[in-house]
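Architecture at a glance
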Amino acid sequence: ADCRYTCHQECRSLIQLDCRRPGQSQSQLSPESTLVPPCSQNVTQTVEEEKPEPLTVQEIKQKIEKYNAKVTNCLLMKLNDDGTYTGFIKVHLKLRRPVTVPAGIRPQSIYDALKEVNLADMTDKRTSFYLPLDAIKQLHISSTTTVSEVIQGLLKKFMVVDNPQKFALFKEMRKDGQVLFQKLPHTECPLYLRLLAGPDTDVLSFVLKENETGEVEWDAFSIPELQNFLMILDKEEKDKIQQVQRKYEKFKQRLQQTLKEARGKPG
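All values derive from a computational prediction rather than experimental measurement.

**Here's the deal with unusual backbone geometry**
A positive phi is found at Cys-74, a non-glycine position, where the angle reads about 70°. Looking at the secondary structure, you find Cys-74 in the loop between helix 2 (57-70) and strand 2 (78-79). On the accessibility criterion, Cys-74 (69% relative accessible area) is exposed. Positive phi values are uncommon outside glycine, yet Met-159 reaches one of about 55°.

And the structure:
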């Protein structure tokens, strides 16, 4: 709060600071009193939350009725006779790296969708491209659909042939002016979270992102895929270097111009 030191939320207990206001002693310092994240900071939570008790069928029915009463876009939830329910979720695609898709494949037709034809199996040719930043995909799923199945369904809809382990589904929440991201385990059921949070996407939304590097099982990828990763990283490194060079070249030009204008002036 005093020195504006910034750290990850999970690192707070490991930080020892020596910043204090005038008149404040060292003994009065604590991580809790000094490490206050700014309101505009995005925080990624990795600590697992306590799971609520499972709902009874009657409780599910009541929550679905309250949920549907707040829906304004006709995307209602429906309770089935066996106690399961179906509904819609929206997933924001925030992928920073290109994905691999079959080359020269026609768009999927209604016939293909009904027959569950996998167009990706029709060719061995592959190409890579960037998905539109922050694209939104709507999925109709069941209360038993897991995070793993949602990821696989998204990849199938976009005909992405990359290993699903490259991706992870996060829930995005807004609390006390902060935007919090939490990675969902593969066994979590997103529709259940949607039901508990209600239809307001400002309270809870789902985001598909690249999996964290430390959790990717690199042995699951082929040699061409790994080589492609290296090529992408090399391109990103060169682009970053050019950005830094352009930034300081502009700064140098402005500094030289200021010095030129200052020549001949008194003082």
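**Section: the packing of aromatic side chains**
Applying the stated rule across the entire model yields zero aromatic pairs. Seen from the ring of Phe-158, Lys-137 lies directly overhead, with NZ or CZ sitting 5.7 Å from the centre. Over the ring of Phe-181 we find Lys-209; its NZ or CZ atom is 4.6 Å from the centre of that ring.

**A closer look at the confidence of the model for the protein**
Residues at a pLDDT of 70 or more form 68% of the protein, whose mean pLDDT is 77. This model gives residues 25-48 a pLDDT under 50, and the stretch forms 53 contacts once residues within four places in sequence are excluded. Taken together, the stretch residues 109-114 has pLDDT below 50 and engages in four contacts with residues farther than four places along the chain or on a different chain.

**Notes on the nonpolar core**
Among the nonpolar cores identified, the biggest contains 35 residues, and Tyr-85, Ile-89, Val-91, Phe-167, Leu-169, Phe-206 and Leu-208 are the most heavily contacted of them. Put simply, the parts of the chain that give this core at least two residues each are helix 2, strand 3 (85-93), strand 4 (99-102), strand 6 (135-142), helix 4 (147-157), strand 7 (167-175), helix 5 (190-197) and strand 9 (204-210). Among the elements that take part in this core, helix 4 stands out by supplying five residues, more than any other. Setting aside anything within four residues of it in sequence, one finds Phe-206 in contact with Ile-89, Lys-90, Val-91, His-92, Leu-169, Phe-170, Lys-171, Leu-184, Pro-190, Leu-193 and Arg-194. Judged by nonpolar contacts, the second largest core, of five residues, contains Ala-168, Phe-170, Phe-181 and Val-207.

**A few points about helix 2**
If you check helix 2, its first and last C-alpha atoms are 20 Å apart, about what 14 residues at 1.5 Å a residue would give, namely 20 Å. Turning to helix 2, the residues buried within the fold contact strand 2, strand 3 and helix 5.

**A short note on the side chain of Thr-146**
When you line up the elements, Thr-146 lands in the loop between strand 6 and helix 4. On the basis of relative accessible area, Thr-146 is assigned to the buried category, the value being 18%. Once residues within four sequence positions are removed from consideration, Thr-146 is found in contact with His-186, Thr-187, Glu-188 and Pro-190.

**Let's talk about the UniProt feature "coiled-coil region" (unreviewed entry) in the protein**
UniProt tags residues 234-261 as "coiled-coil region" (unreviewed entry). Secondary structure over residues 234-261 splits into 100% helix and 0% strand, and the C-alpha atoms at its two ends are 41 Å apart.

**A closer look at a nonpolar patch on the surface**
A grouping of Val-244, Tyr-248, Phe-251, Leu-255 and Leu-259 is seen on the molecular surface, where their side chains present a nonpolar patch of about 490 Å² in accessible area. Note that Phe-251 resides in helix 6 (residues 223-262).

**Remarks on the pairing of strand 7**
The element strand 7 is largely enclosed, with a buried count of seven among its nine residues. Taken together, the seven bridges between strand 7 and strand 9 define a ladder with antiparallel strand orientation. Paired with Leu-169 across the bridge in strand 9 is Leu-208. Pairing of strand 7 with strand 8 (residues 178-183) involves six bridges; the strand directions are antiparallel. Opposite Glu-172, over in strand 8, you have Phe-181 as the bridge partner.

Reading guide: rules and limits
Residues numbered from 1 in each chain as written. Predicted model: local features only at pLDDT ≥ 70, side-chain atom pairs only at ≥ 80, totals over all residues. Heavy atoms only, no water. Helix = DSSP H or I, 4+ residues; strand = E, 2+ residues; numbered from the N terminus. Buried < 20%, exposed > 50% of the residue type's maximum accessible area, 1.4 Å probe, protein only. Phe/Tyr/Trp six-rings, centres within 6.5 Å; stacked < 30°, edge-to-face > 60°. Lys NZ or Arg CZ within 6 Å of the ring centre and 35° of its normal. pLDDT = per-residue confidence, 0-100. Contact = heavy atoms within 4.5 Å. Core = buried A, V, L, I, M, F, W, Y, C linked by side-chain atoms within 4.5 Å. Expected span 1.5 Å × (residues − 1). UniProt positions renumbered as here; feature names shortened; annotations may be inferred. Patch = residues over 30% accessible without salt bridge, like charges linked within 9 Å, V, L, I, M, F, W, Y side chains within 5 Å. Areas by Shrake-Rupley, 256 points an atom, 1.4 Å probe, with all protein chains shown as cover. Salt bridge = Lys/Arg side-chain N within 4 Å of Asp/Glu carboxyl O. Pairing = 2+ DSSP bridges.

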